[in-house]
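Below are the chains, spelled out letter by letter.
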Amino acid sequence: MTSNSGDTPEWTTIETTRDGYVGRITLSRPEAMNTFSTELATELDDALRAFDEAVNVRAIVVDGAGKAFSAGIDLSEYATYETKDEYEAWVAVMEEPFRTLTKMRTPVIAAVHGHAAANGIGLVAACDLAVAAEGTRFGATAPKVGLFCMGPAVPLMSSLTRKRCLELLLTGELIDSETALDWGLVNRVVPPDDYRSEAVELASTIASKSPVAVQLGKEAFYQMAELEYDEALDYSNERFAELCTTADAHEGIDAFLGGEPLGANEWPGE
């Protein structure tokens, strides 16, 4: 097991680093196209939670080593199980990062290249933002092996219209990066040499803003998305009022009105 940062744990199937306020998680099973083994899913979830708890991390980039972002679940584990309960426990581990991504307060950006299929496309959809390299292919490909992308469908439903989502899920076919951009699955498509740096730059832009405002705002966004319109407005008013009482709001507004907005290293934090 290796680690590229002195303040992060050692891992087997992922790598973690930190540059300034930006954390980076790299799926690192290139020989298996970064498919979700039980270990990778567990380590990815643990790393997301660890970065979310770190006071010196304000945004996270998730990318993949080798030729692909992620080609889905590692089907070599399929034969390990027999009963419905065993399969349910297995797949629950695989999908736990999707749950964590919407509950954590730190924004997460997917930096995607090669292929993002099945759980790979689910991970892209579950991240808050996504940057894709030109030529990347995306698909909910499970029907090709007698399965169905039910777990990935959950974050996909929040990213795409119903018709677009069902087209991916029912056909199992791949779409290109430009189509993914047009459909709203990714935010940006950039040249193949630039997708990681573009994602890091986007993360750095987020990290330069008030960490308290961004984290509370992301948390509120996912809560409001589940509420009826009037309830969402009431909830937003409550959380905005809470934000107004923070040191970041007091100092940020004073600095703005004084003509010298705060820089990344000047925010007081919680």
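Residues numbered from 1 in each chain as written. Predicted model: local features only at pLDDT ≥ 70, side-chain atom pairs only at ≥ 80, totals over all residues. Heavy atoms only, no water.

A.B. asks: I'd like a description of the packing of aromatic side chains, backed by residues and values.
C.D. replies: Tallied over the full model, the rule gives 5 aromatic pairs. Centroid distance Phe221 to Tyr222: 5.4 Å. Interplanar angle 85°. Geometry classified as edge-to-face. Using a relative accessible area of 51% as the deciding quantity, one classes Phe221 as exposed. An aromatic cluster is defined as three or more aromatic residues linked by ring pairs; in this entry it consists of Tyr78, Tyr81, Tyr87 and Trp90. Above the ring of Tyr21, the side-chain terminus of Arg58 is found at 3.7 Å from the ring centroid. (Phe/Tyr/Trp six-rings, centres within 6.5 Å; stacked < 30°, edge-to-face > 60°. Buried < 20%, exposed > 50% of the residue type's maximum accessible area, 1.4 Å probe, protein only. Lys NZ or Arg CZ within 6 Å of the ring centre and 35° of its normal.)

A.B. asks: I'd like a rundown of the pairing of strand S3 (residues 59–64), residues and numbers included.
C.D. replies: On a regular strand, each side chain points to the face opposite its neighbour's, so the side chains alternate between the two faces of the sheet. Within S3, 6 of the 6 residues are buried, which leaves it mostly tucked inside the rest of the structure. Where burial is concerned, the two faces of S3 agree: the one with Ala59, Val61 and Asp63 and the one with Ile60, Val62 and Gly64 are both buried. Note: strand S2 (residues 22–27) against S3, 6 bridges, orientation parallel. Bridge pairing links Arg24 to Val61 in S3. In the classification by handedness, the crossover that spans S2, the intervening helix H1 (residues 38–53) and the parallel S3 is right-handed. Both S3 and strand S4 (residues 108–112) contribute to a ladder of 3 bridges, which runs parallel. When the bridges of S4 are listed, Val61 appears paired with Ile109. On the question of chirality, the crossover connecting S3 to the parallel S4 by way of helix H2 (residues 84–103) is right-handed. (Helix = DSSP H or I, 4+ residues; strand = E, 2+ residues; numbered from the N terminus. Pairing = 2+ DSSP bridges. Right-handed = clockwise from strand over helix to strand, strands pointing away.)

A.B. asks: Before we move on, could you go through the packing of H1 against H2 and cite the residues and values that matter?
C.D. replies: Think of two packed helices as two axes; the pair is described by the angle between the axes and how far apart they sit. Axis separation between H1 and H2 bottoms out at 9 Å; the angle between their running directions is 25°. In terms of their interaxial angle, H1 and H2 are classed as roughly parallel. Classified by chirality, the crossing of H2 by H1 is left-handed. Every residue of H2 that contacts H1 at Thr38, Ala41, Thr42, Leu44, Asp45, Leu48 and Arg49 is listed here: Trp90, Val93, Met94, Glu96, Pro97, Thr100 and Leu101. When the residues that make up the contact of H1 with H2 are grouped by side-chain class, the tally is 8 nonpolar, 3 polar and 3 charged. (Axes fitted to C-alpha atoms, helices over the stretch in contact; angles between N-to-C directions. Parallel < 35°, antiparallel > 145°, perpendicular 65-115°, else oblique. Left-handed = near helix turned anticlockwise from the far one by under 90°. Contact = heavy atoms within 4.5 Å. Nonpolar A, V, L, I, M, F, W, Y, C, P; charged D, E, K, R; others polar.)

A.B. asks: So, the sheet that holds strand S9 (residues 188–190): which residues are in play, and what are the values?
C.D. replies: Strand order in this open sheet of 6 strands is S1-S2-S3-S4-S6-S9, and the pairing throughout is mixed. Only two strands of the sheet have a single partner each, and these edge strands are strand S1 (14–19) and S9. Between one strand and the next, the sheet's axes are offset by a mean angle of 20°, whatever the strand orientation.

A.B. asks: An account of the side chain of Asn119 is needed here, citing residue identities and associated values.
C.D. replies: As for its position among the elements, Asn119 is in helix H3 (residues 119–126). On the basis of relative accessible area, Asn119 is assigned to the buried category, the value being 2%. Here Glu95 takes part through its side chain, which lies 3.2 Å from a polar atom of the side chain of Asn119. Those residues in contact with Asn119 that lie beyond four places of it in its chain are Phe36, Gly72, Ile73, Met94, Glu95, Phe98 and Pro152. (Polar contact = N/O pair within 3.5 Å; in protein donor to acceptor, adjacent residues only side chain to side chain.)

A.B. asks: Which residues make up the nonpolar core, and what are the values?
C.D. replies: Counting 50 residues, the largest nonpolar core has Ile25, Val62, Leu123, Val124, Phe138, Leu185 and Val186 as its most contacted members. Ranked by residues supplied to this core, first place goes to H1 with 6 residues. Core analysis: the next-biggest nonpolar cluster, separate from the first, contains 14 residues, Val22, Ala133, Ala199 and Leu202 among them. (Core = buried A, V, L, I, M, F, W, Y, C linked by side-chain atoms within 4.5 Å.)

A.B. asks: For a negative patch on the surface, give the residues involved together with the corresponding values.
C.D. replies: A cluster of acidic side chains, namely Glu134, Asp176, Glu178, Asp182, Asp193 and Asp194, defines a negative patch on the protein surface. Here Asp176 shows up in strand S8 (residues 174–176). (Patch = residues over 30% accessible without salt bridge, like charges linked within 9 Å, V, L, I, M, F, W, Y side chains within 5 Å. Areas by Shrake-Rupley, 256 points an atom, 1.4 Å probe, with all protein chains shown as cover. Salt bridge = Lys/Arg side-chain N within 4 Å of Asp/Glu carboxyl O. Lys, Arg positive; Asp, Glu negative; His and termini not counted. Charge placed at Lys NZ, Arg CZ, Asp CG, Glu CD.)

A.B. asks: Which residues make up the pairing of S2, and what are the values?
C.D. replies: Counting buried residues along S2, 5 of its 6 residues qualify, which places the element largely inside the surrounding structure. Alignment of S1 against S2, held across 6 bridges, turns out to be antiparallel. Among the inter-strand pairings, Glu15 is bridged to a residue of S2, identified as Thr26. Connecting S1 to the antiparallel partner S2 that follows it, the hairpin turn spans 2 residues, and Gly20 within it adopts a positive phi of roughly 65°.

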